[in-house]
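Fold and geometry: a report
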Amino acid sequence: MDFEKIDYNGLLQKLMDQLVVFGPKVIAATLVFLIGWWVINIIRKLLRINLDRGKLDESLKLFFLKLLTITLRILLVISVASMIGIETTSFIAMLGAAGLAVGLALQGSLANFAGGVLILVFRPFKVGDFIEAQSFLGTVEQIDIIYTILKTPHGQKIVIPNGALSNGSIKNFSAHPTRRIDLTYSISYTDSIPKAKEILNEIYTRDERILKDPAIVIGVAEMSDSSIDIIVKAWCNSPEYWNLFHDLQEKVKLTFDEKGITIPFPQRDVHLFNQK
């Protein structure tokens, strides 16, 4: 290559011409990008303040903030690209093709994402609720856009994909402030039913954790093979359910022993016949 024949003055002139044409565009695009990025952060902070005033779940707030921020930043990048002279039509088409490829590769994750959106919008449960879902029992510790995290009564951490969670049955034990506690007690056929019912009514009535309304219901549930089963239905505040459940079992056993009420165990009478 003959470097002596290169017209450096011409090249320099062309470069200067390009700088004159594109220089202001690049400077303007840079300013727009910086100012736009700053404005997006301001909008995000203002939205956060307004959301904090409402009663939305924290996970739902974070989801809205992330979605708004990502959308505005994508629009900002497209606007800056058009200012520089990049064809936005081809740019958007490229983004669409990339999004389609990613969507096909991450179908399961997208299903979990959609499930997370449904959970955050319809709120079948919230952080702190005790639920049963996907054969797991636990307290909701965190609701992410992809997964929901439970803590079991044994201290185990359960991570459930939101796609399966949103499409399955959910039992929320904390949805209402009160719960009904149903306990069945067995007495012998030789014991007095009215006496047993009186003892149970006294135990339940004296416990301050038992609500007065609805009233306590005591009745014979079944006459089984070895015992008469008496069921007691009473209402309590949801946070006190399990402590009350265990305390009542102990109180009834001790009181039945004291009052002479027998709690039978399964037994069978065998009759022997001597045939000659």
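Scroll up a little and you will see the structure.
From a predicted model like this one, the values you see are computed outputs, not experimental measurements. (Residues numbered from 1 in each chain as written. Predicted model: local features only at pLDDT ≥ 70, side-chain atom pairs only at ≥ 80, totals over all residues. Heavy atoms only, no water.)

1. Observations concerning the overall build of the chain
The helix and strand inventory of the chain stands at seven helices and eight strands. Going through the 276 residues of the chain one by one, you find that 28% of them count as buried. Across the chain, contacts joining residues at least 24 apart in sequence account for 62% of those joining residues at least 6 apart. Accessible surface for the chain amounts to roughly 18800 Å². Of this, 61% is attributable to carbon and sulfur atoms. (Helix = DSSP H or I, 4+ residues; strand = E, 2+ residues; numbered from the N terminus. Buried < 20%, exposed > 50% of the residue type's maximum accessible area, 1.4 Å probe, protein only. Contact = heavy atoms within 4.5 Å. Areas by Shrake-Rupley, 256 points an atom, 1.4 Å probe, with all protein chains shown as cover.)

2. Considerations on the sheet that holds strand S3 (residues 147-151)
Strand order in this open sheet of five strands is S4-S3-S2-S1-S5, and the pairing throughout is antiparallel. Each edge of the open sheet is held by one strand with a lone partner, namely strand S4 (157-161) and strand S5 (170-172). With strand direction ignored, the average angle separating the axes of adjacent strands in the sheet is 40 degrees. As paired strands, strand S1 (residues 130-133) and S5 are joined by three bridges and run antiparallel to one another. Bridge pairing links Ala133 to Ile170 in S5. (Pairing = 2+ DSSP bridges. Axes fitted to C-alpha atoms, helices over the stretch in contact; angles between N-to-C directions.)

3. So, the nonpolar core
Of all hydrophobic cores here, the largest spans 22 residues; its most connected members are Ile181, Tyr185, Ile187, Leu200, Tyr204, Leu248 and Phe256. Contributing elements (two or more residues each) for this core: strand S6 (178-187), helix H6 (193-206), strand S8 (228-237) and helix H7 (241-259). Those residues within four positions of Tyr185 in sequence are excluded, and the remaining contacts are Leu200, Tyr204, Ile228, Asp229, Ile230, Val232, Leu248, Gln249, Val252 and Phe256. (Core = buried A, V, L, I, M, F, W, Y, C linked by side-chain atoms within 4.5 Å.)

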